[in-house]
Amino acid sequence: MSENESPSDYYPKQSRWMRGLCTLIILLGYGFSEALLWFLAIIQFFWCLFRRDPNVFIQDFGFSLVKWNASAIAYCLWNSDSAPFPFSSWPKSSD
């Protein structure tokens, strides 16, 4: 590596057209996540209404959905170069 190259220059960058295609796919997923949020919020409301405690599985999935949405927004707005799921693994709720 020469003096002018930084370690981040070592890996080739995605082409703009490929990034545009990935962004389009992620935006479709983002729209789906909004519908999923509605569904899970309604289920969680009725779960709490009848069981008095929230469903921990919905809460855990909600944490990972929040992380995915944040990484999807960062990627689509070019704040991050790492593409979220389905181009990488699904985020864990514990991280």
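Conventions adopted
Residues numbered from 1 in each chain as written. Predicted model: local features only at pLDDT ≥ 70, side-chain atom pairs only at ≥ 80, totals over all residues. Heavy atoms only, no water. Helix = DSSP H or I, 4+ residues; strand = E, 2+ residues; numbered from the N terminus. Buried < 20%, exposed > 50% of the residue type's maximum accessible area, 1.4 Å probe, protein only. Contact = heavy atoms within 4.5 Å. Areas by Shrake-Rupley, 256 points an atom, 1.4 Å probe, with all protein chains shown as cover. Salt bridge = Lys/Arg side-chain N within 4 Å of Asp/Glu carboxyl O.

### Topic: the overall build of the protein
Helices and strands together make up the secondary structure of the protein, namely two helices and zero strands. Every one of the 95 residues in the protein was classed for burial, and the buried ones make up 20%. Pairs at least 24 apart in sequence give 64% of the contacts found in the protein among residues at least 6 apart. Of the roughly 7,700 Å² of accessible surface on the protein, a fraction of 67% belongs to carbon and sulfur atoms.

### Regarding the pattern of salt bridges
This model, assessed by the stated rule, comprises one salt bridge. A salt bridge links Arg-19 to Asp-81, with the shortest nitrogen-to-oxygen separation between them at 3.0 Å. Taken together, the positions of Arg-19 in helix H1 (residues 16-51) and Asp-81 in the segment after helix H2 (56-76) put the pair 62 residues apart, joining distant regions of the chain. In this structure Arg-19 comes out as buried when scored by relative accessible area, which is 4%.

### Structural notes on the side chain of Asn-69
Within the secondary structure, Asn-69 sits in helix H2. Excluding its chain neighbours within four sequence positions, the residues that come into contact with Asn-69 are Tyr-30 and Ser-33.

So yeah, pure geometry; function would need other evidence.
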